[in-house]
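Topology and contacts: notes
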Amino acid sequence: MHELSIVASIVDTVTESVAAYPGARVVEVRLRVGALASVIEDSLQFCYGIATEGTPLEGSRLVVNILPVVVHCAACAADVELEGLQSFRCPCCGEPCSDLRQGRELEIEAIEIDEVEEAV
Amino acid sequence: MTTRIVELRKGILKKNDELAAGLRANYSAAGVLVLNLVSSPGTGKTEFLEVTLREMKARGARVAALVGDLETDNDARRLAASGAPVRQINTHGICHLDAEMIGKHLDGWEGVALDGLDYLFIENVGNLVCPSSYDLGEGIRVALLSVTEGEDKPLKYPTLFNSADAAVITKMDLAGPCGFNRELALHNINEIRPGIRIFETSAKTGTGIDEWLAYLAEERASRSA
Ligand SMILES: Nc1nc2c(ncn2[C@@H]2O[C@H](COP(=O)(O)OP(=O)(O)OP(=O)(O)O)[C@@H](O)[C@H]2O)c(=O)[nH]1
Ligand SMILES: [Mg+2]
Ligand SMILES: [Zn+2]
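Notes on the structure in this doc start here. The model shown is predicted, which means the values in this text are computed figures rather than measured ones. (Residues numbered from 1 in each chain as written. Chains lettered and ligands numbered in written order. Predicted model: local features only at pLDDT ≥ 70, side-chain atom pairs only at ≥ 80, totals over all residues. Heavy atoms only, no water.)

1. With respect to the overall build of chain B
The helix and strand inventory of chain B stands at nine helices and eight strands. Its C-alpha atoms give chain B a radius of gyration of 18 Å, near enough to 17 Å, the size a compact globule of 225 residues would have. Here the C-alpha coordinates of chain B stretch approximately 70 × 45 × 40 Å along the principal axes. Of all 225 residues assigned to chain B, the portion counted as buried reaches 56%. Across chain B, contacts joining residues at least 24 apart in sequence account for 72% of those joining residues at least 6 apart. For chain B, the exposed surface amounts to about 9,400 Å²; the carbon and sulfur share of it is 49%. Distance between charge centres in chain B, computed from 25 positive and 31 negative side chains, equals 4 Å. (Helix = DSSP H or I, 4+ residues; strand = E, 2+ residues; numbered from the N terminus. Rg over C-alpha atoms; globule rule 2.2 N^0.38 Å. Buried < 20%, exposed > 50% of the residue type's maximum accessible area, 1.4 Å probe, protein only. Contact = heavy atoms within 4.5 Å. Areas by Shrake-Rupley, 256 points an atom, 1.4 Å probe, with all protein chains shown as cover. Lys, Arg positive; Asp, Glu negative; His and termini not counted. Charge placed at Lys NZ, Arg CZ, Asp CG, Glu CD.)

This is how it looks when you write it as structure tokens:
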């Protein structure tokens, strides 16, 4: 379980990024997480609530977009999506595929913030 | 109040990835092949490394090992019996090694400099989940699986086996008594990581060790060519 250190890293990065928008409140943090990234969404959500307390992220939503595994199939000369994680074979032709093109991502895609209007 | 979407596109483990890239460059400049050994607790990483270090030393290779452990230095003491330099990394409850820990323990390692080594072995903390996310800058990641822990381990932990460059089956001397289904284990590893090199070994009898040592020598030669 390293979800807590992942969340701590999210808090650091987002806190740094919102410093450019003084007074802004973080509403949502969107992640892109590959199916092979070995993080569990429930644990992330659980840690998120705790780790964001007292930070600019407190009260914000964590949205986790899981990306399927994509491999390159040499036989089909195409990138193909795997249906699960139990067999790294092309779903079209059955060839074993070891050329991973997507699935290990673990990144903050974007954040949504509410900005206070500047007084005129 | 206005709502704004700020695109970040930032890797969450970016700090580790950057440190690992720095380590990788150092290893390559020093001509040292680095291996990261990952498996469940008790698969036989330490036992396998003991034999590997001993045999490599006997063949004149310059070897050293870093060993991660939650609390004890038992594994480091076992490995040091080979005569190779060994340094313990106590993670104090953290379930994996990361690039920062490796960097810190390489710095100021008395009597050991990367450019005086041919191979550096890193025994990760026994865990099948977390170590797979943390790049240590290694050249080869080795996933180990013992005959006693079930042929379906690769299917249960696809991330770890998929991110490995080589697989080692340990405790082959127990294959008979355990009713180990060799074909099934090889099949499952190949389903998760097609084409991976697989070594069937026993640290107790020495089975498969020569083949493993030959692989290491080949890999090192091909990388420094
Ligand atoms: N029969 C047999 N037993 C082995 C072999 N390799 C290791 N063992 C035994 O398995 C147990 C665990 O081995 P270790 O080498 O300590 O395992 P490890 O993977 O380093 O364990 P952790 O560091 O705790 O994750 C010990 O009792 C070893 O003696 C082998 O090849 N054959
Ligand atoms: Mg050990
Ligand atoms: Zn195909």
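2. A word on the overall build of chain A
Assigned secondary structure in chain A consists of two helices and six strands. Element order for chain A, N to C, with α for helix and β for strand: α-β-α-β-β-β-β-β. Against the 2.2 N^0.38 benchmark of 14 Å for 120 residues, chain A shows a C-alpha radius of gyration of 18 Å, more extended than a compact globule. Referenced to the eigenvectors of the C-alpha coordinate spread, the extents of chain A come out at roughly 60 × 35 × 15 Å. Classification of the 120 residues of chain A by burial places 47% in the buried group.

Geometric descriptors of this kind do not, in isolation, establish any biological role.
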